[in-house]
Amino acid sequence: MPRGAVVTDQAGDSPPYVVLVLTIILGAVGIVAAYGVWRAQRWGVILTIILRVVDSLSALPGLLSPNVGLQLLALTGITLSALVIFLLLRRDTTGDALISDSSAS
């Protein structure tokens, strides 16, 4: 790992090594959180909401970028994170339709 940090830090156009490691860790945690949401586990929903908030906060500096493309990417990331949080927190008004459909097959 230390050799990877030296190589990454020497390349002038790449993010810092710490950012790369944290991105990999957050990605792995995101996969675990997605599994928890898929299995309708409360911990999966909470973990996904936390990850989406962290993702939105990390995208905020992109809104101040002079590059319009980076601004659009940041805005898209924040919007999608807000949408995921909204969908996770909304109440199901149709009852247990998904549960009854899956038990019928």
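Scroll up to find the structure this text is about.
This section reports on the structure supplied with the text. (Residues numbered from 1 in each chain as written. Predicted model: local features only at pLDDT ≥ 70, side-chain atom pairs only at ≥ 80, totals over all residues. Heavy atoms only, no water.)

### Examining the side chain of threonine 48
Looking at the element boundaries, threonine 48 is found in helix H3 (residues 42–59). Contact partners of threonine 48, with chain neighbours within four places excluded, come to Ala33, Ala34, Val37, Val84 and Leu88. (Helix = DSSP H or I, 4+ residues; strand = E, 2+ residues; numbered from the N terminus. Contact = heavy atoms within 4.5 Å.)

### Things to note about the packing of helix H2 (residues 17–38) against H3
Here H2 crosses H3 at 140°, and the two axes come no closer than 7 Å. Remark: the crossing between H2 and H3 carries left-handed chirality. Listed contacts from H3 to Leu26, Val29, Gly30, Val32, Ala33, Ala34, Gly36 and Val37 of H2 are Trp43, Gly44, Val45, Leu47, Thr48, Leu51 and Val54. Here the residues of the contact of H2 with H3 are counted per class, giving 11 nonpolar, four polar and no charged. (Axes fitted to C-alpha atoms, helices over the stretch in contact; angles between N-to-C directions. Left-handed = near helix turned anticlockwise from the far one by under 90°. Nonpolar A, V, L, I, M, F, W, Y, C, P; charged D, E, K, R; others polar.)

### Some thoughts on a nonpolar patch on the surface
Taken together, the side chains of Val53, Leu57, Leu60, Leu63, Leu64 and Leu75 make up a nonpolar region of the molecular surface, amounting to roughly 570 Å² of accessible area. Structurally, the position occupied by leucine 57 is in helix H3. Assessed through its relative accessible area of 54%, leucine 57 is described here as exposed. (Patch = residues over 30% accessible without salt bridge, like charges linked within 9 Å, V, L, I, M, F, W, Y side chains within 5 Å. Areas by Shrake-Rupley, 256 points an atom, 1.4 Å probe, with all protein chains shown as cover. Salt bridge = Lys/Arg side-chain N within 4 Å of Asp/Glu carboxyl O. Buried < 20%, exposed > 50% of the residue type's maximum accessible area, 1.4 Å probe, protein only.)

### Side note on the packing of H3 against helix H4 (residues 68–89)
Closest axis-to-axis distance for the H3/H4 pair is 9 Å, and the angle between their directions is 160°. Overall, the two elements H3 and H4 adopt an arrangement that is roughly antiparallel. The two elements H3 and H4 meet at a crossing, and its hand is left-handed. Across from Val45, Thr48, Ile49, Arg52, Val53, Asp55, Ser56 and Ala59 in H3, the residues of H4 making contact are Ala74, Gly77, Ile78, Ser81, Val84, Ile85, Leu88 and Leu89. When grouped by side-chain class, the residues that make up the contact of H3 with H4 number 10 nonpolar, four polar and two charged. (Parallel < 35°, antiparallel > 145°, perpendicular 65-115°, else oblique.)

Any functional reading would require information that these geometric values do not contain.
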